[in-house]
Amino acid sequence: MYSLQDIRKDFPILSRKVYNHPLVYLDNGATTQKPKQVVEAMVDEYYNVNANVHRGVHFLSQQATELHESSREAVRAFINARSSSEILFTRGTTESINLLAFTFGEAFIHADDEIIVSTMEHHSNIVPWQMMCQRKGAILRVIPMTNLGTLDLDAYQQLFSDKTKLVCCTHVSNVLGTINPVGQIVRIAHQHNVPVLIDGAQSVPHMPVDVQALDCDFFAFSGHKVYGPTGVGVLYGKENWLDRLPPYQGGGEMIQNVSFEKTTYNTLPYKFEAGTPDYVATHALAIALDYVSALGMEQIFQHEQQLTRYALDQLQQIEGMTIFGHASHSTSDLAASMPSQGSTSAAFGHETLCSSDAVISFLVQKDGHYIHPLDLGTLLDRLGIAVRTGHHCAEPLMNRLGIPGTVRASFGLYNTVDEVDALVDGIRRVIQMF
Ligand code: PLP
C-alpha cells in the first residue's frame, strides 16, 4: 500500500517551513531527502559499531566489515548484478565515471580512438571523457538529439567505426526527463563489439534497474539521489571488463603485496577501492535501497509518473509556459506563442515523444520575454518551493536547445498533488509580479 501520508512521516525535513511556508521540495534530481531509517542507521553505526573495515581482528571491525560487505550484496541484488565483486563503491556517479575514464583509458585507448557520448549528458559524463581524450589523443563523438528531445538513433548507428572504443550514455536526462532506450543503445554498440557505460544517476531513484537485462558493461549511480547518504556511489562493471582494467588510485586495500621492487593488486572489487571506504555511508545506502524496495520500485515509478503527468497538464495551462521534453503533453499552439528569442526551442515539446521521467524543465514568458529562470526560482523559493535553475550541468544540451537555462522541478517518491498545485500556483503568482 503506497501511503503518502505514512511515507512523509519518515522524512522529518518535509514538515519544516521555509520563509513561513510549508516546504515544497521539488529538487529531487539534485538530491533526495533521507528517511529516518537511513539517518538512524548512520547514527547507530557511529554510536555502536564504528571501526575500520577489513583486516581488523576485533569484534567491532568484523561487525563493521559485515555491514559494509552486506551492503555490497544489497546493491548487487538491487540492480541485479551477477556478482557482488562487480560492485565498486565510489563517492558517487561523478567519481564512478572518472574512475572508469582513467582506468579504461589506460588499458584500451590510443591516439585517434573514439568515444561516443550523447548531447544530453550531464557534465559528469562529458568532462572525464574529454580529459581522457586529451591524455590519449582520442576523439569524442556525440549522438545528436532530435527535436523531440530524444536521441537520434539513426545518427548514433552512423557514428561507429573501427576506432570506436566505448559508448557513454545517460539512462534518463536530468534536464528533459527523457528515458533513453538504453537496451537498444547497448545492443547496437555490442553489434560493433563496443562496451557501454550507462549513467544511472537519474534512473535508479525512479524505476527498477536490471543491469543484466540491460546488458550494459558499466553502470554508475549516486547514493544521495536514491534517498541514501552523500559521499557514496556505485560503479557496476562486468567482471570480465573490470578484471582487465588497471587500478585507479593506489594505497591501502587495493593491494595484495607491496614491496619496493614490486606491488601486486587485490582481487575485485578491492582493486579499485583504495583507502578507507565510507563504510557508514555504504551501510546507510543499503538501508535506503531496502526502504525503496519495500515501497516497490514499480510503485514509485507509477506514483511519480502520475504526478509528472498531472504536473505537465497543470503547467501547460499557464500562459507563456514552455516545457522542454515531454512532448506528448505539449499544446499545439506552442510554437505560435513563442517569441523570436525562443524560436530555436519552440520545437522542443511539440510532437509525440518518448517515455519520460519525473523531471520537468520549463521557462515562462511574460510580454514576449522569458522570465529569467533565476528570478523565477528565487521568487518560488520565497514561497517555500525548492526548484533548481540554470544549466543543470548540461551546457551542451542547453546550447542545443538554444537557451541559457531552465527552471527544473523534479519529483521524488514523497511528493504530492498538493505540492504540484503549490508549484503551479506559485508560478502564477510570480508571473503576476512581473
Ligand atoms: N549524471 C547525471 C545524469 C546527473 O543528474 C548527475 C547529478 O545531478 C550526475 C551524473 C552527477 O552525480 P553526482 O554529483 O552525485 O556525482
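**Description of the overall build of the protein chain**
Within the protein chain, the secondary structure is distributed over 15 helices and 18 strands. Its C-alpha atoms give the protein chain a radius of gyration of 22 Å, near enough to 22 Å, the size a compact globule of 434 residues would have. Dimensions of the protein chain along its principal axes, counting C-alpha atoms only, are 70 × 55 × 35 Å. Looking at the protein chain alone, contacts between residues at least 24 apart form 72% of all its contacts between residues at least 6 apart. Here the protein chain displays about 17,800 Å² of accessible surface, and carbon together with sulfur accounts for 50% of that area.

**Observations concerning the site of the ligand**
With respect to spatial proximity, 13 residues lie near the ligand, and among them Thr94, Asp199, Gln202, Ser222 and Lys225 are the closest. One of the side-chain N or O atoms of histidine 122 is found 3.5 Å from an oxygen atom in the ligand. Contact between the ligand and histidine 224: an oxygen atom at 2.7 Å from a side-chain N or O atom of the residue. For the ligand, the accessible surface in isolation is 390 Å², of which the surrounding protein chains cover 85%.

**Comments concerning unusual backbone geometry**
Omega for the bond connecting leucine 268 with proline 269 falls within 30 degrees of zero, at 0 degrees, which places this linkage in the cis form. If you trace the backbone, proline 269 turns up in the loop between β12 (263–265) and α10 (279–295). Unlike most non-glycine residues, histidine 54 shows phi in positive territory, near 60 degrees. Among the structural elements, histidine 54 can be located in the loop between α2 (36–48) and α3 (59–79). Overall, histidine 54 belongs to the buried group, its relative accessible area being 13%.

**A few points about the domain arrangement of the protein chain**
According to the domain assignment, the protein chain contains domain 1 (4–28 + 296–433) and domain 2 (40–290). For the pair domain 1 and domain 2, the two sides together bury roughly 2,700 Å², of which 63% comes from carbon and sulfur. Considering only the side of domain 1, the residues that lose the most area to domain 2 are Met297, Asp357 and Leu397, jointly responsible for 22% of the buried surface there. Our enumeration of links across domain 1 and domain 2 arrives at 0 salt bridges. Put simply, domain 1 and domain 2 have 11 residue pairs in polar contact (both at pLDDT 80 or more) between them. For the side of domain 1 that touches domain 2, the secondary structure elements donating two or more residues are α11 (297–315), β14 (359–366) and α14 (395–401).

**Here we look at the side chain of threonine 32**
Tracing the sequence through the fold places threonine 32 in the loop between β3 (24–25) and α2. Its relative accessible area of 2% is what places threonine 32 among the buried residues. A distance of 2.7 Å separates a polar side-chain atom of threonine 32 from the backbone oxygen of histidine 224. Excluding its chain neighbours within four sequence positions, the residues that come into contact with threonine 32 are His224, Lys225, Val226, Tyr227 and Tyr414.

**Digging into the nonpolar core**
Membership of the largest hydrophobic core comes to 72 residues, with the highest contact counts inside it found for Ile79, Tyr156, Val167, Phe219, Val292 and Leu413. When residues in this core are grouped by element, the largest group, 9 residues, is from α10. Summarising the domain contributions, this core has at least three residues from each of domain 1 (4–28 + 296–433) and domain 2 (40–290). Among all residues touching tyrosine 156, those that are not within four sequence positions of it are Ile116, Ile143, Val167, Ile185, Ile188 and Ala189. Judged by nonpolar contacts, the second largest core, of 28 residues, contains Val24, Ala311, Ile360 and Val420.

**Quick notes on the layout of surface pockets**
If you add up the space inside the largest pocket, you get close to 240 Å³. Together, 17 residues line the largest pocket, and Phe89, Thr90, Arg91, Glu95 and Ala274 are the ones closest to its centre. Taken together, the elements giving at least two residues each to the lining of the largest pocket come down to β4 (87–90) and α4 (93–108).

**Comments concerning the packing of helix α13 (residues 373–382) against helix α15 (residues 417–433)**
Running from N to C, α13 and α15 cross one another at 120 degrees; their axes reach a closest spacing of 10 Å. Taken together, the axes of α13 and α15 are oblique relative to one another. Every pair of crossing elements has a handedness; the one defined by α13 and α15 is right-handed. Two secondary-structure elements touch here, α13 through Leu376, Leu379 and Leu380 and α15 through Leu423, Gly426, Ile427, Val430 and Met433.

**Some points on the packing of aromatic side chains**
The final tally for this structure, using the stated rule, is 12 aromatic pairs. Seen from their ring centres, phenylalanine 11 and tyrosine 291 are 5.7 Å apart, and the 85 degrees between their planes marks the pair as edge-to-face. Of this pair, phenylalanine 11 sits in the loop between α1 (4–9) and β1 (17–18) while tyrosine 291 is found in helix α10, placing the two residues 280 residues apart along the sequence. Comparing phenylalanine 11 with tyrosine 291, the two get one shared label, buried.

**Overview of α13**
Taken together, the buried positions of α13 are occupied by Pro373, Leu376, Gly377 and Leu380. Burial along α13 is one-sided: seen end-on, the buried residues are contained in an arc of 95 degrees. Directly beyond the C-terminal end of α13, a positive phi value near 85 degrees is found at glycine 384.

**What about the pairing of strand β13 (residues 321–324)?**
Because side chains alternate across β13, one face comprises the buried residues Met321 and Ile323, and the other comprises Thr322 and Phe324, equally buried. Here β13 runs beside β14; their pairing, made up of 4 bridges, is antiparallel. Across the sheet, residue isoleucine 323 finds its bridge partner in β14, namely phenylalanine 362.

**What to know about the environment of asparagine 240**
Tracing the backbone shows asparagine 240 in helix α9 (residues 239–242). Asparagine 240 sits in the partly exposed class, given a relative accessible area of 45%. For the pair formed by asparagine 240 and histidine 110, sequence separation is 130 residues and the distance between their alpha carbons is 20 Å.

Definitions and limits used
Residues numbered from 1 in each chain as written. Predicted model: local features only at pLDDT ≥ 70, side-chain atom pairs only at ≥ 80, totals over all residues. Heavy atoms only, no water. Helix = DSSP H or I, 4+ residues; strand = E, 2+ residues; numbered from the N terminus. Rg over C-alpha atoms; globule rule 2.2 N^0.38 Å. Contact = heavy atoms within 4.5 Å. Areas by Shrake-Rupley, 256 points an atom, 1.4 Å probe, with all protein chains shown as cover. Near = heavy atom within 4 Å. Polar contact = N/O pair within 3.5 Å; in protein donor to acceptor, adjacent residues only side chain to side chain. Buried < 20%, exposed > 50% of the residue type's maximum accessible area, 1.4 Å probe, protein only. Domains from an automatic or database assignment. Buried area = accessible area lost by both parts, 1.4 Å probe. Salt bridge = Lys/Arg side-chain N within 4 Å of Asp/Glu carboxyl O. Core = buried A, V, L, I, M, F, W, Y, C linked by side-chain atoms within 4.5 Å. 1 Å grid on protein atoms, 1.4 Å probe; cavity = no way out; pocket = protein on both sides within 12 Å on 5 of 7 lines; lining within 4 Å. Points joined across faces, edges and corners; volume = space filled by probe spheres on them. Axes fitted to C-alpha atoms, helices over the stretch in contact; angles between N-to-C directions. Parallel < 35°, antiparallel > 145°, perpendicular 65-115°, else oblique. Left-handed = near helix turned anticlockwise from the far one by under 90°. Phe/Tyr/Trp six-rings, centres within 6.5 Å; stacked < 30°, edge-to-face > 60°. Arc of directions from axis to C-beta. Pairing = 2+ DSSP bridges.

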